[in-house]
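Observations on the model geometry
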Amino acid sequence: MALMLTMLGAFYACIIAILYVTQHTSKPTFDEYAVGGRSYGAWYVAMCYVNSWWPGAVFIVFFGLAAGPGVFGFYGLAYSTLGVAAMYFMATRAWRWGARYDLRSQPQLMGVRFRSRGVKVMASAIGIVSVFPWVVLGMQALGEIFRVASGGAWSVTTCLVVGLVTIVVRQYWTVKMGMRGLIMTDMFQGIVAYGLSAVVCLILLSGIAGGPISFGTLAHVADSALRVPGDGDGYGSWYLFSLIFTGVIGSLCWPMSFQRIYTASGVRAVKAGTIRTILISGVFYTLLMLVGLAATTLPAVHDAPQIGWFTLLGDWGGTWLLGLAVTMVFAASMGHIDGSVQVCGLQIANDLVDRPGRPLSDRQLTAVAKGSMVLYMGFAAVVAFFTFDMPRLQLLAQLSYQSIVQLAVPLFLGIFWRGGNKYGAMAGMATGFLTALALTVVYPDDIPALGSLTGGVVGLAVNLLVYLAVSAATGQSAEERRYVAEMFAVAAAPVRRPRSRPESGTAMPEAADV
């Protein structure tokens, strides 16, 4: 126990040291606080994106899918790779609009595109609500980490409290430094969580260190572990499609993912960062799933797949390797929680509180963002503590994923198509969100009567139909068409980023209210 806790403490000390050394001596502007001054290169963008995408749960939930059901765990590789690839094609317009209109968040882009504060507020609210369950689950995962690190000597309550205190202390720096603090630590956390774990997986599979599994073990995996849902079981033929499709769409709808575009120094940095993200994620996740699939042959792992990562490394390398396994999960969990809380605080200040008719100064925006992060974090900590043993919390996580994809219709069509308007955007998001919410409550997993489609996919279809119908019925005025044409002209040419925040109403042309 002492050794594993010491390893966690050493890693935590390194994080605090990085934050202390890299903090600004002067008070940053809100642009610096929100998006790091749009100044980071491809590797920083890539590692920041990876940290925001793969939480510590990937070593628990997704590893459990590979070590339990089997090859089904690889569906995460399909949707994450396709989703990041889609960012490559969005990079040019998203970054150039961000630089030209001083955008700091995904909902703000939508508000500018449709000239509607209502669109921005609705999109921001959906994003903030959808992220919340993952912050709660991330905090609870920290409790599981300390349970393993203590060797089971600490009670569940003690482990959860220690985990909450750890991340709350870390959040002091997130509140203080904003995006810069995240980017600086994401590089180190990513190397530990994803780079080091990939090396460990490769050594384990190579068989050079005498581990319990190897690449050769994959030849002895049971046939049942090589089937995916819908292949002769109770699921319909559309289930796997729904999961992958929702994952691909959702990967660009999460506020944490999209905001990484605005931290980049230019379009080239975003595109190079997406390629590096695909490389990092592809290598890491593939090796992790291969290890999980091979571990299905080990009874101790197969019987308890959710903790299989800890069981496997503990049996292979003893306390030292188990401590390393815990540290990797700790690094991934911390990065994901940090990014989630930061972006929600940003959106509350930038999208919900700030108004064209009542613009806030940089100092006020920063203060609101910091206060919002503290409140958001505190509320999540309370919910995490009182729902630690509630299995129905998984439903909230499923609801969040089915709801976040409802941003996709106005977001994607708004970026790539000149049609549509604010009425269609708001009506589509509202009906899609409510449809997905209702169906997921009734059918948390799939809808058997529809071939195992999920509620989120049905909601997305309703969203699209309503968006097109309402937009067609209300139409675009000549002024709206001219405005959209100007935006697309901006996206077609390089943009020099403004050095200071423009006056309200010039760089962020929104209607006062809708």
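Residues numbered from 1 in each chain as written. Predicted model: local features only at pLDDT ≥ 70, side-chain atom pairs only at ≥ 80, totals over all residues. Heavy atoms only, no water.

**So, the overall build of the protein chain**
A count of helices and strands for the protein chain gives 20 helices and zero strands. A compact globule built from 514 residues should have a C-alpha radius of gyration of about 24 Å, and the protein chain, at 23 Å, falls within 12% of that. Summarising its shape, the C-alpha atoms of the protein chain cover approximately 70 × 60 × 40 Å along the three principal directions. Partitioning the intrachain contacts of the protein chain with sequence separation of at least 6 by distance along the chain shows that 86% fall at a separation of at least 24. For the protein chain, the accessible surface area stands at approximately 19,400 Å², while carbon and sulfur atoms represent 67% of it. Side-chain charges in the protein chain split into 32 positive and 23 negative, and the spacing between the mean points of these groups amounts to 13 Å. (Helix = DSSP H or I, 4+ residues; strand = E, 2+ residues; numbered from the N terminus. Rg over C-alpha atoms; globule rule 2.2 N^0.38 Å. Contact = heavy atoms within 4.5 Å. Areas by Shrake-Rupley, 256 points an atom, 1.4 Å probe, with all protein chains shown as cover. Lys, Arg positive; Asp, Glu negative; His and termini not counted. Charge placed at Lys NZ, Arg CZ, Asp CG, Glu CD.)

**Looking at the environment of Pro 133**
Structurally, Pro 133 is set in helix α7 (residues 117-149). Considering only alpha carbons, one finds Pro 133 and Thr 454, 321 residues apart in sequence, at a separation of 19 Å.

**Notes on the side chain of Thr 92**
Here Thr 92 lies in helix α5 (residues 75-101). Within polar-contact distance, the side chain of Thr 92 engages the side chain of Lys 271 at 3.4 Å. When residues no more than four places from it in sequence are discounted, the contact partners of Thr 92 are Val 267, Lys 271 and Ala 491. (Polar contact = N/O pair within 3.5 Å; in protein donor to acceptor, adjacent residues only side chain to side chain.)

**So, the packing of helix α1 (residues 2-22) against α7**
Closest axis-to-axis distance for the α1/α7 pair is 8 Å, and the angle between their directions is 135°. Comparing the axis directions of α1 and α7 gives the class oblique. Contacts from Met 4, Leu 5 and Leu 8 in α1 reach Ile 145, Phe 146, Val 148 and Ala 149 in α7. Of the residues that constitute the contact of α1 with α7, the class distribution is seven nonpolar, no polar and no charged. (Axes fitted to C-alpha atoms, helices over the stretch in contact; angles between N-to-C directions. Parallel < 35°, antiparallel > 145°, perpendicular 65-115°, else oblique. Nonpolar A, V, L, I, M, F, W, Y, C, P; charged D, E, K, R; others polar.)

**So, the packing of helix α9 (residues 179-206) against helix α12 (residues 267-294)**
Axis separation between α9 and α12 bottoms out at 9 Å; the angle between their running directions is 45°. With respect to α12, the element α9 is oriented oblique. The handedness of the crossing between α9 and α12 comes out as left-handed. Across the interface between the two elements, Ala 193, Tyr 194, Ser 197, Ala 198, Cys 201, Leu 202, Leu 204 and Leu 205 of α9 pack against Phe 284, Leu 287, Leu 288, Leu 290 and Val 291 of α12. Considering only residue class, the contact of α9 with α12 consists of twelve nonpolar, one polar and no charged. (Left-handed = near helix turned anticlockwise from the far one by under 90°.)

**Notes on a nonpolar patch on the surface**
Among the surface-exposed residues, Val 161, Val 165, Val 169, Val 382, Phe 385 and Phe 386 lie close enough to one another that they form a single nonpolar patch of about 520 Å² accessible area. Breaking the nonpolar patch down by element, the ones donating at least two residues are α8 (156-177) and α15 (362-386). Residue placement: Val 161 occurs in helix α8. With relative accessibility at 35%, the residue Val 161 sits in the partly exposed group. (Patch = residues over 30% accessible without salt bridge, like charges linked within 9 Å, V, L, I, M, F, W, Y side chains within 5 Å. Salt bridge = Lys/Arg side-chain N within 4 Å of Asp/Glu carboxyl O. Buried < 20%, exposed > 50% of the residue type's maximum accessible area, 1.4 Å probe, protein only.)

**Structural notes on empty space enclosed by the protein**
A complete count under the given rule lists two cavities of 30 Å³ or more for this structure. Each pocket or cavity is described by its volume, and for the largest cavity that value is around 80 Å³. Every residue along the wall of the largest cavity is listed here: Arg 113, Phe 114, Arg 115, Gly 420, Asn 421, Lys 422, Gln 476, Glu 480, Tyr 483 and Val 484. At three residues, the largest contribution of residues to the lining of the largest cavity is made by helix α20 (residues 478-491). Here the lining of the largest cavity is built from residues that sort into three nonpolar, three polar and four charged. Roughly 30 Å³ of internal volume is contained in the second largest cavity. The wall of the second largest cavity is formed by Val 45, Tyr 49, Met 87, Val 270, Gly 273, Thr 274 and Thr 277. Counting residues per element, the ones that place at least two in the lining of the second largest cavity are α3 (42-53) and α12. For the lining of the second largest cavity, the element with the most residues is α12, which contributes four residues. Class assignment of the residues belonging to the lining of the second largest cavity gives a composition of four nonpolar, three polar and no charged. (1 Å grid on protein atoms, 1.4 Å probe; cavity = no way out; pocket = protein on both sides within 12 Å on 5 of 7 lines; lining within 4 Å. Points joined across faces, edges and corners; volume = space filled by probe spheres on them.)

**Comments concerning α7**
Along an α-helix, residues three or four apart share an orientation, since each turn contains 3.6 residues. Helix length check: α7 (33 residues) gives 47 Å between terminal C-alpha atoms against 48 Å at 1.5 Å per residue, within 8%. Of all 33 residues in α7, 25 are buried, a share of seventy percent or more. Regarding α7, its N-cap is Ser 116, as a side-chain oxygen of that residue lies 3.2 Å from the backbone nitrogen of Gly 118 further along. Two residues or fewer past α7, Gly 151 is found with a positive phi of approximately 65°. (Expected span 1.5 Å × (residues − 1).)

**Concerning α8**
Helix length check: α8 (22 residues) gives 32 Å between terminal C-alpha atoms against 32 Å at 1.5 Å per residue, within 8%. All of the buried residues in α8 are Cys 159, Leu 160, Gly 163, Leu 164, Thr 166, Ile 167, Arg 170, Gln 171, Trp 173, Thr 174, Val 175 and Met 177. Next to the buried residues of α8 lie α1, α2 (30-35), α7, α9, α14 (308-353) and α15. Two residues or fewer past α8, Gly 178 is found with a positive phi of approximately 70°.

**Digging into the confidence of the model for the protein chain**
In the predicted model, the protein chain carries a mean pLDDT of 85, and 93% of its residues have values of at least 70. Element-level mean pLDDT values for the protein chain span from 71 in helix α16 (residues 393-404) up to 96 in helix α19 (residues 455-474). This stretch, residues 498-514, has a pLDDT under 50; its non-local contacts, to residues over four places away or in other chains, come to 41 contacts. (pLDDT = per-residue confidence, 0-100.)

**Considering the nonpolar core**
Residues Trp 97, Leu 109, Trp 309 and Leu 312 are the most contacted members of the largest nonpolar core, which totals 151 residues. If one sorts the elements of this core by residue count, α14 sits on top with 22 residues. When near neighbours in sequence (up to four residues on either side) are disregarded, Trp 97 contacts Asp 102, Leu 103, Leu 109, Gly 414, Ile 415, Met 487, Phe 488, Val 490 and Ala 491. By size, the runner-up hydrophobic cluster in this structure holds six residues, among which are Cys 48, Met 179, Ile 183 and Met 184. (Core = buried A, V, L, I, M, F, W, Y, C linked by side-chain atoms within 4.5 Å.)

**A closer look at the state of the cysteines**
As enumerated under the stated definition, the model contains zero disulfides in all. In this structure Cys 14 is not part of a disulfide, and its nearest cysteine sulfur, from Cys 48, lies 19 Å away. (Disulfide = S-S within 2.5 Å.)

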